Amino acid sequence: MICGEKKTISDLYKYLDREKYFIETGWVRKLSNVSKFDRSEIKTEIKKDDFTQIAKLLYEDEDIGSSYRLKELVEQMIERNKEKYSRNYIIKKDGKVVSHAGTGAENEKVAMLSYVITAPEYRGKGYAKKLCSAICEDLILEGKDVFLINYSTESTALYDKIGFKVCCDWGKIFLNLKK
């Protein structure tokens, strides 16, 4: 996968085989503050089976999952969590992970919100907003700048409501690993 500012990615894409490579464009966004939100359903203690369920939700999503292999995604999430390179917040219903928000990478100064997903049958209930608000509140209280990259106009309304502002246009080139 190659990521960068939209213009650069668009220029590079012209030289690639379009049967193998795909392009997706979106925006880098930054959050400065977040409102407190009800945390009653949120879990932050994630078990191995939870990571498998999270990865399946991501993998099955048409927009997110095509640039991953399921087994590798599960392993990556477990390893990043163990190394304290990322964190994960979930909401479960009847023992099943139905919504997730996490950080794809973070250090002592900055965090990238990522892997925001809700199972299709649970969308529209405010779970993603609740999870994003909670994790962002924790990150800001720790003194971190919070960023994300969003590629879909569908998620733009959510990130606008939370308070994320566009910093720049962004893009990525990737192989569709599901084919």
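A.B. asks: I tried to follow the pairing of strand 6 (residues 110-118) on my own but got confused; where do I start?
C.D. replies: For a regular strand, side-chain orientation follows a simple rule: the groups alternate between the two sheet faces. Most of strand 6 is tucked away, with 7 of its 9 residues classed as buried. In textbook terms, the turn of a hairpin is the stretch between consecutive antiparallel strands, and for strand 5 (residues 96-106) and strand 6 this stretch comprises 3 residues. A crossover links strand 6 with its parallel partner strand 7 (residues 145-150), the connecting element being helix 4 (residues 127-141), and its sense is right-handed.

A.B. asks: It is not clear to me how the side chain of Glu 137 should be interpreted in this structure. Could you clarify?
C.D. replies: Of note, Glu 137 is situated in helix 4. Within the structure, the side chain of Glu 137 is placed 3.0 Å from the side chain of Arg 39, a separation counted as a polar contact. The residues touching Glu 137, leaving out its near neighbours within four places in the chain, are Val 34, Lys 36 and Arg 39.

A.B. asks: Sorry, what's going on with the pattern of salt bridges here?
C.D. replies: Side chains that differ in sign of charge can pair as their charged atoms come close. Applying the stated criterion across every chain, the model contains 19 salt bridges. Between Arg 87 and Glu 106 there is a salt bridge whose closest N-O contact spans 2.6 Å. Of this pair, Arg 87 sits in the loop between helix 3 (70-82) and strand 4 (88-93) while Glu 106 sits in strand 5, and the two are 19 residues apart along the sequence. Per residue, the accessibility class of Arg 87 equals that of Glu 106, and both read buried. Members of the salt-bridge network, linked through shared partners, are Asp 38, Glu 41, Lys 93 and Lys 130.

A.B. asks: Would you explain the packing of aromatic side chains in this entry?
C.D. replies: How two aromatic rings sit relative to each other is set out by the distance from centre to centre and by the angle between their planes. Taken as a whole and assessed by the stated rule, the structure comprises 2 aromatic pairs. With centroids separated by 5.9 Å and ring planes inclined at 80°, the aromatic side chains of Tyr 159 and Phe 164 adopt a geometry described as edge-to-face. The burial state of Tyr 159 is the same as that of Phe 164; both residues are buried. A cation sits over an aromatic face here: Lys 172 above Tyr 151, 4.7 Å from the ring centre.

Scoring rules and cut-offs
Residues numbered from 1 in each chain as written. Predicted model: local features only at pLDDT ≥ 70, side-chain atom pairs only at ≥ 80, totals over all residues. Heavy atoms only, no water. Buried < 20%, exposed > 50% of the residue type's maximum accessible area, 1.4 Å probe, protein only. Helix = DSSP H or I, 4+ residues; strand = E, 2+ residues; numbered from the N terminus. Pairing = 2+ DSSP bridges. Right-handed = clockwise from strand over helix to strand, strands pointing away. Polar contact = N/O pair within 3.5 Å; in protein donor to acceptor, adjacent residues only side chain to side chain. Contact = heavy atoms within 4.5 Å. Salt bridge = Lys/Arg side-chain N within 4 Å of Asp/Glu carboxyl O. Phe/Tyr/Trp six-rings, centres within 6.5 Å; stacked < 30°, edge-to-face > 60°. Lys NZ or Arg CZ within 6 Å of the ring centre and 35° of its normal.

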